[in-house]
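If you want the building blocks of each chain, they are given just below.
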Amino acid sequence: MSETVLGVRGLKTHFFTRGGVAKAVDGIDFALERGTIMGLVGESGSGKSITGFSLMGLVDPPGQIVDGSIRFRGEELVGASEERLRRLRGARIAMIFQDPMMTLNPVLRIDTQMIEAIEAHEKVPERVARDRCVRALAKVGIPSPEERLNNYPHQFSGGMRQRVAIAIALLHNPDLIIADEPTTALDVTIQAQILHEIRKLARETGTALIWITHDLAVVAGLADHVSVMYGGRIVEQGTTEAVVERPRHPYTRGLIDSVPSHNARGVPLRQIPGMAPSLLDMPKGCAFRPRCPSAGELCFEEPSTTEIEPGRRLRCFYPLEASS
């Protein structure tokens with residue numbers, strides 16, 4: 001029987017600003033099982049990263065989780081003390097950021113940073129901690145890991161720094177890793193290598209992974225399940241194969257069509273018209289209505305989430321045909 005690592009129900013994270021309330025995350029639901037990878041996909045401003053920060057308990061004022069539940073291995077995290085969250089972060093729940101220099105201190109050697117990460121949660125001899133660091137670097141494909149431990153971050157390439165950040169996330173064999181677009185700034189070859197390593201590590205260690213990205217092409221080759229976000233809400237969920245091969249929400253279809261490989265040579269790149277709405281000035285009804293080619297009268301009302309088939313959920317009054 002599968003073990004549920006994370007269960008999110010009705011999560012709402014709002015930002016109370018002078019201009020009004022920005023509903024960055026506005027009632028989302030999903031569950032993640034051990035050893036599975038979920039892609040969280042959407043344009044900038046859709047609420048993906050704030051979802052990740054909410055799960056980590058890293059939302060700062062004026063942001064606030066106003067409703068919902070985050071259950072991690074059966075334990076409720078919404079309302080948990082900062083001390084409890086600090087004990088979980090890095091040990092049981094880890095995060096990999098888009099820029100590895102957000103993780104790495106430029107003036108400290110890699111061994112110092114990795115050993116400190118271990119000692120923050122465990123009391124182990126330095127030799128044991130160092131051996132664990134060497135194994136973690138080797139696991140993510142860094143050559144001569146014992147020697148590279150003595151280097152500073154600037155002595156690594158961008159791809160290697162990101163591998164170090166991933167290695168730090170793996171030091172305590174966490175139950176959950178949240179990866180916030182960690183390969184966006186890397187070239188395609190390095191990106192492919194890191195995606196391969198991540199997929200292999202999730203299978204070998206049983207770690208559950210949330211991969212936050214705007215790129216459905218990356219998710220197609222990595223994730224088991226996909227949740228598509230728009231305007232702070234999840235508009236389509238399902239297995240990767242189902243969502244990518246048979247998208248039912250017009251927004252999902254638009255994301256897929258805008259991938260360059262889906263366009264013929266010499267034909268202008270297809271794109272979703274318009275821009276994502278401001279979270280301070282959301283359109284009435286369905287947030288995607290002003291940009292949607294399928295919009296109709298019903299779209300001036302707020303669509304609810306329906307399960308159109310087992311494991312497949314959708315928020316849309318006019319879904320695309322299953323064969324499209």
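I will try to describe carefully the structure that is included in this document. (Residues numbered from 1 in each chain as written. Predicted model: local features only at pLDDT ≥ 70, side-chain atom pairs only at ≥ 80, totals over all residues. Heavy atoms only, no water.)

**Quick word on the overall build of the protein**
- The number of helices and strands found in the protein is 10 helices and 12 strands.
- The C-alpha radius of gyration computed for the protein amounts to 20 Å, which stays within 12% of the reference 20 Å derived for 324 residues, consistent with globular compactness.
- C-alpha extents for the protein along the principal axes are approximately 65 × 50 × 45 Å.
- A total of 324 residues make up the protein; the buried ones form 48% of that total.
- Sequence-distant contacts in the protein: of pairs separated by 6 or more residues, those separated by 24 or more amount to 64%.
- For the protein, the computed accessible surface area is about 15600 Å², with 51% contributed by carbon and sulfur atoms. (Helix = DSSP H or I, 4+ residues; strand = E, 2+ residues; numbered from the N terminus. Rg over C-alpha atoms; globule rule 2.2 N^0.38 Å. Buried < 20%, exposed > 50% of the residue type's maximum accessible area, 1.4 Å probe, protein only. Contact = heavy atoms within 4.5 Å. Areas by Shrake-Rupley, 256 points an atom, 1.4 Å probe, with all protein chains shown as cover.)

**Examining the pattern of salt bridges**
- Applying the stated criterion across every chain yields a total of 18 salt bridges.
- One salt bridge in this structure joins Asp131 and Arg127, with 4.0 Å as the shortest N-O distance. With a gap of four residues between them, Asp131 and Arg127 both fall in helix H4 (residues 126-139), about one helical turn apart.
- With relative accessibility at 36%, the residue Asp131 sits in the partly exposed group.
- Residue Asp224 pairs with Arg203 through a salt bridge whose shortest N-O separation is 3.1 Å. With Asp224 in the loop between helix H8 (216-220) and strand S9 (225-230) and Arg203 in helix H7 (residues 188-205), this pair connects stretches of sequence that are 21 residues apart. (Salt bridge = Lys/Arg side-chain N within 4 Å of Asp/Glu carboxyl O.)

**A short note on the side chain of Thr240**
- Tracing the backbone shows Thr240 in helix H9 (residues 240-245).
- Within the structure, the side chain of Thr240 is placed 3.4 Å from the backbone nitrogen of His225, a separation counted as a polar contact. (Polar contact = N/O pair within 3.5 Å; in protein donor to acceptor, adjacent residues only side chain to side chain.)

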